[in-house]
Amino acid sequence: MSDRELHSIMNINGLEVQVEHKSIKHIHLSVYPPDGHVHVSAPQETSDDQLRMFILSKWVWLLEKIDAATSNNIQPPREYVSGEAHYFKGELYRLRVETGNYGKSNVSIEGDYIMIRCGKQSQAEMALKQWYREQLREVLPSLVERWVKRIGTPMPKYDVQVMKQCWGSCNKSKQTILFNIELAKKPLECIEYVVAHEVTHLLERTHTDRFYRLLDTYLPGWERLKKQLDEFPITI
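All values reported here derive from a predicted model rather than from experimental measurement.

With that settled, the discussion passes to unusual backbone geometry. A positive phi angle, near 60 degrees, is found at Tyr80, a position not held by glycine. Secondary-structure assignment places Tyr80 in the loop between β5 (74-75) and β6 (85-88). Since its relative accessible area comes to 8%, Tyr80 is described here as buried. Although it is not a glycine, Gln175 sits at a positive phi angle of roughly 55 degrees. Residue placement: Gln175 occurs in the loop between β11 (168-171) and β12 (176-180).

Right, dumping it as structure tokens:
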């Protein structure tokens, strides 16, 4: 293994590229929404000049991907007031907030509305986020169990939390998985893709060629689901 830094930043034609050297065979170039940041994973022995030439050879493709990533339908900051649009399981709803002498805040789907009943307006955000958390926790057990059995891994511990940079994360050594609360807003098939992705990490910790071979084997067409997931509005 090389003694140099495993993570570094390259500047190519004014574009910052995050570089990660690890034990893989091929170079992988990725662009992530919502800010279009560029990440490249490269074999340990890859030189900076080789990386630079590779990235420049993909320059037109890279600019197109950055444009697509930064033009995603990003929702403005939420106010959690009546009439505001919110997603649940891939469907768009309007909020209807009722305040009054409610002993406990509650949220429900009523026709085309997500109905929030709470003591005062300032409690609406917390009530809705807690409801999203509960809804996601309801669908995860069957999905995790299905993919653990399909791939053949031990049952991990898992939970839901607010995550800004990823849909999920897996700690292979601790056998734990975390899922982004935002997944409650996405279609069920997209949630299942994230579950499959993270459970696969219980076999292969990083995004190696073997990881993608496993994902291709157990979930053919996962690329379509990933694209669908990333096209949904991002809450900021």
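Mapped onto the elements of the fold, Leu219 is located in the loop between α5 (209-218) and α6 (222-231). Given a relative accessible area of 12%, Leu219 falls into the buried group. Remark: the alpha-carbon pair of Leu219 and Glu192, spanning 27 residues in sequence, is separated by 9.8 Å. Setting aside anything within four residues of it in sequence, one finds Leu219 in contact with Trp147, Tyr193, Ala196 and Leu225.

Turning next to the confidence of the model for the protein. In the predicted model, the protein carries a mean pLDDT of 88, and 90% of its residues have values of at least 70. Confidence drops under pLDDT 50 across residues 1-5; counting only partners more than four residues distant or on other chains, this segment forms 9 contacts.

Next up on the list: the sheet that holds strand β8 (residues 106-110). Hydrogen bonding along the main chain pairs the strands of a sheet, whether they run parallel or antiparallel. With respect to topology, 4 strands assemble into an open sheet ordered β6-β7-β9-β8, the strand pairing being mixed. A strand with exactly one partner marks an edge of an open sheet, and here the two such strands are β6 and β8. Shown here is a sheet whose adjacent strand axes are inclined to one another by a mean of 35 degrees, direction ignored. Here strand β7 (residues 91-99) pairs with strand β9 (residues 113-118) via 6 bridges, running parallel. By the bridge assignment for β9, Arg94 is matched with Tyr113. Along the sheet, helix α3 (residues 124-151) makes contact with β6, β7, β8 and β9, crossing β9 at roughly 120 degrees.

In an α-helix there are 3.6 residues to a turn, and that puts residues three or four apart on one side. Buried within α6 are the following residues: Trp222, Leu225, Leu229 and Asp230. Take α6 and look down its axis: the buried residues cluster within an arc of 130 degrees, on one side only. The exposed set on the far side of α6, more than 90 degrees from its buried face, consists of Arg224 and Lys227. Tucked into the core, α6 has its buried residues touching α4 (188-200) and α5.

Taken as a whole, the second largest pocket holds about 210 Å³ of empty space. What lines the second largest pocket is simply Lys104, Ser105, Asn106, Val107, Ser122, Gln123, Met126, Ala127, Gln130, Trp131 and Glu134. Contributions of two or more residues to the lining of the second largest pocket are made by β8 and α3. In terms of residue count, α3 provides more of the lining of the second largest pocket than any other element does, 5 residues in total.

As a packed pair, α4 and α6 sit with axes 9 Å apart at the nearest point and diverge in direction by 115 degrees. You can see that α4 and α6 cross each other, and the crossing is left-handed. Every residue of α6 that contacts α4 at Glu189, Cys190, Tyr193 and Val194 is listed here: Trp222, Arg224, Leu225, Lys226, Gln228 and Leu229. Across the contact of α4 with α6, the residue classes tally to 6 nonpolar, 1 polar and 3 charged.

Below, the discussion takes up the pattern of salt bridges. In total, this model carries 9 salt bridges according to the counting rule given. Residue Arg117 is joined to Glu98 by a salt bridge in which the shortest nitrogen-to-oxygen separation is 3.5 Å. Within this pair, whereas Arg117 is found in strand β9, its partner Glu98 is found in strand β7, the two being separated by 19 residues in sequence. Residue Glu98 is classed as partly exposed on the basis of its relative accessible area of 31%. Arg224 is the partner of Glu189 in a salt bridge, and the nearest nitrogen-oxygen pair spans 3.8 Å. Of this pair, Glu189 sits in helix α4 while Arg224 sits in helix α6, placing them 35 residues apart in sequence. Each member of the salt-bridge network shares a partner with another, and the members are Glu98, Glu110 and Arg117.

Cut-offs and rules
- Residues numbered from 1 in each chain as written.
- Predicted model: local features only at pLDDT ≥ 70, side-chain atom pairs only at ≥ 80, totals over all residues.
- Heavy atoms only, no water.
- Helix = DSSP H or I, 4+ residues; strand = E, 2+ residues; numbered from the N terminus.
- Buried < 20%, exposed > 50% of the residue type's maximum accessible area, 1.4 Å probe, protein only.
- Contact = heavy atoms within 4.5 Å.
- pLDDT = per-residue confidence, 0-100.
- Pairing = 2+ DSSP bridges.
- Axes fitted to C-alpha atoms, helices over the stretch in contact; angles between N-to-C directions.
- Arc of directions from axis to C-beta.
- 1 Å grid on protein atoms, 1.4 Å probe; cavity = no way out; pocket = protein on both sides within 12 Å on 5 of 7 lines; lining within 4 Å.
- Points joined across faces, edges and corners; volume = space filled by probe spheres on them.
- Left-handed = near helix turned anticlockwise from the far one by under 90°.
- Nonpolar A, V, L, I, M, F, W, Y, C, P; charged D, E, K, R; others polar.
- Salt bridge = Lys/Arg side-chain N within 4 Å of Asp/Glu carboxyl O.

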